[in-house]
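A structural walkthrough
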Amino acid sequence: GESVGLHLPTLSVQEGDNSIINCAYSNSASDYFIWYKQESGKGPQFIIDIRSNMDKRQGQRVTVLLNKTVKHLSLQIAATQPGDSAVYFCAENIGGSQGNLIFGKGTKLSVKP
Amino acid sequence: GAVVSQHPSWVICKSGTSVKIECRSLDFQATTMFWYRQFPKQSLMLMATSNEGSKATYEQGVEKDKFLINHASLTLSTLTVTSAHPEDSSFYICSARVNLGGAAFFGQGTRLTVV
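Below is a short write-up of the structure. Keep in mind that this is a model prediction, so the values were computed, not measured. (Residues numbered from 1 in each chain as written. Chains lettered and ligands numbered in written order. Predicted model: local features only at pLDDT ≥ 70, side-chain atom pairs only at ≥ 80, totals over all residues. Heavy atoms only, no water.)

Attention now moves to the overall build of chain A. Counting its secondary structure elements, chain A contains zero helices and eleven strands. Counting from the amino terminus, chain A carries its helices and strands in the arrangement β-β-β-β-β-β-β-β-β-β-β. When each of the 113 residues of chain A is scored for burial, the buried share is 42%. The contacts in chain A between residues at least 6 apart in sequence include a share of 52% that link residues at least 24 apart. Of the roughly 5800 Å² that chain A leaves accessible, carbon and sulfur atoms contribute 48%. (Helix = DSSP H or I, 4+ residues; strand = E, 2+ residues; numbered from the N terminus. Buried < 20%, exposed > 50% of the residue type's maximum accessible area, 1.4 Å probe, protein only. Contact = heavy atoms within 4.5 Å. Areas by Shrake-Rupley, 256 points an atom, 1.4 Å probe, with all protein chains shown as cover.)

Right, let's talk about the interface of chain B and chain A for a bit. Each partner contributes residues to the interface: chain B has 23 residues there, and chain A has 21 residues. In total, about 1700 Å² of surface goes out of reach between chain B and chain A, with carbon and sulfur atoms giving 55% of it. For chain B, the biggest contributors to the area lost against chain A are Lys41, Arg97 and Phe106 of chain B; these three give 26% of the whole. At the junction of chain B and chain A, the tally comes to six residue pairs in polar contact (both at pLDDT 80 or more). For the side of chain B that touches chain A, a count of residues per class yields eleven nonpolar, ten polar and two charged. (Buried area = accessible area lost by both parts, 1.4 Å probe. Polar contact = N/O pair within 3.5 Å; in protein donor to acceptor, adjacent residues only side chain to side chain. Nonpolar A, V, L, I, M, F, W, Y, C, P; charged D, E, K, R; others polar.)

Quick look at the state of the cysteines now. With the rule as written, the count across this model stands at two disulfides over all chains. One disulfide in the model links Cys23 of chain A with Cys90 of chain A; its S-S distance is 1.6 Å. With Cys23 of chain A in strand β3 (residues 19-24) and Cys90 of chain A in strand β9 (residues 86-94), this pair connects stretches of sequence that are 67 residues apart. The exposure class assigned to Cys90 of chain A is buried, which follows from its relative accessible area of 8%. Each disulfide pairs two cysteine sulfurs, and for Cys23 of chain B the partner residue is Cys94 of chain B, the sulfurs being separated by 2.0 Å. When the S-S torsion is 85 degrees, as for the bridge of Cys23 of chain B with Cys94 of chain B, the disulfide is right-handed. Here Cys23 of chain B is found in strand β3 (residues 19-25), whereas its partner Cys94 of chain B is found in strand β9 (residues 90-97), with 71 residues between them in sequence. (Disulfide = S-S within 2.5 Å.)

Residues and elements named next belong to chain B. With respect to the helices and strands, the residue Lys20 is situated in strand β3. Judged by relative accessible area, which is 51%, Lys20 ranks as exposed. Lys20 sits 49 residues away from Ile69 along the chain, and the two C-alpha atoms are 9.4 Å apart. Apart from residues lying up to four places away in sequence, Lys20 is in contact with His7, Pro8, Thr78, Leu79 and Thr80.

Looking now at the packing of aromatic side chains. Tallied over the full model, the rule gives ten aromatic pairs over all chains. Geometrically, the ring pair formed by Tyr36 of chain A and Phe46 of chain A is edge-to-face, given 6.4 Å between the ring centres and 80 degrees between the ring planes. Pair noted here: Tyr36 of chain A is in strand β4 (residues 30-38) and Phe46 of chain A is in strand β5 (residues 45-51), with a separation of ten residues, a long-range link. Take Phe46 of chain A: its relative accessible area is 29%, and that puts it in the partly exposed class. Relative to Phe106 of chain B, the ring of Tyr36 of chain B lies with its centre 5.7 Å away and its plane at 45 degrees, an arrangement referred to as tilted. With Tyr36 of chain B in strand β4 (residues 32-38) and Phe106 of chain B in strand β10 (residues 104-106), this residue pair connects regions lying 70 residues apart in the sequence. Judged by its relative accessible area of 9%, Phe106 of chain B is buried. One aromatic cluster is present, formed by Tyr36, Phe46, Phe89 and Phe103 of chain A together with Tyr36, Phe105 and Phe106 of chain B through successive ring pairs. (Phe/Tyr/Trp six-rings, centres within 6.5 Å; stacked < 30°, edge-to-face > 60°.)

If you look at the biggest cluster of nonpolar residues, it comprises 44 residues, and the most contacted ones within it are Tyr36, Leu101 and Phe103 of chain A together with Tyr36, Phe106 and Leu112 of chain B. With five residues, β9 of chain B is the largest single contributor of residues to this core. Apart from residues lying up to four places away in sequence, Leu101 of chain A is in contact with Ile34, Tyr36, Ala91, Glu92 and Asn93 of chain A together with Tyr36, Arg97 and Ala104 of chain B. Counting residues in hydrophobic clusters, the runner-up holds 20 residues, among them Tyr25, Ile50, Val64 and Ile77 of chain A. (Core = buried A, V, L, I, M, F, W, Y, C linked by side-chain atoms within 4.5 Å.)

All names here are of chain B. If you walk across this open sheet you meet the four strands as β1-β3-β8-β7, and the pairing is antiparallel. The two strands at the open ends of the sheet, each matched to only one other strand, are β1 (4-7) and β7 (67-73). Across this sheet, the average inter-strand angle for adjacent strands is 15 degrees, counted without regard to direction. (Pairing = 2+ DSSP bridges. Axes fitted to C-alpha atoms, helices over the stretch in contact; angles between N-to-C directions.)

The values reported here are purely geometric and, on their own, carry no functional implication.
This is the structure in structure tokens:
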């Protein structure tokens, strides 16, 4: 299950199960969203993105859903594998800015074999 | 995706010394690069936006004289931590976007330890 405490929220799933990681974004003017995966000691790695004129986008084993009404973004990972264990961040691009992204707090995904 | 290379991946320095971190876009030109700082188990915090050929834009609370940014070419931005102190120890990450409306790609990060 998902837990929120003093540190990063953690989601623990069994290998082979599907994972759903959620993110609430802050600005209704945001027009572009990205999910990143960050392994320990490394920089964030691009996973999938979605523009605000879409509500769903699929990649390989991953799906991003966007609900602009409630400013919510989710990342679904199918058949989660041990290699998926990492911290996942959502990022939003606020239209009209210099191009910097605003990052969410992150969720740590732990996959149990 | 585009490749951003950051160097060094880790560095240990003595208090009072300065450290330079390089960020290169390897297969594209980046007029804008971004520098982030990340504390353990926390998200990325934007420090500054590096603009090729002009002054960097710093986020509120980030000392520009402490964290010097130079973006001398379309493929290289540098961050110099001047007169480093132990509280500057952190994970520093750079990123660049192929275009302002597209995804940002990140370097490998630099672990700075000031002793």
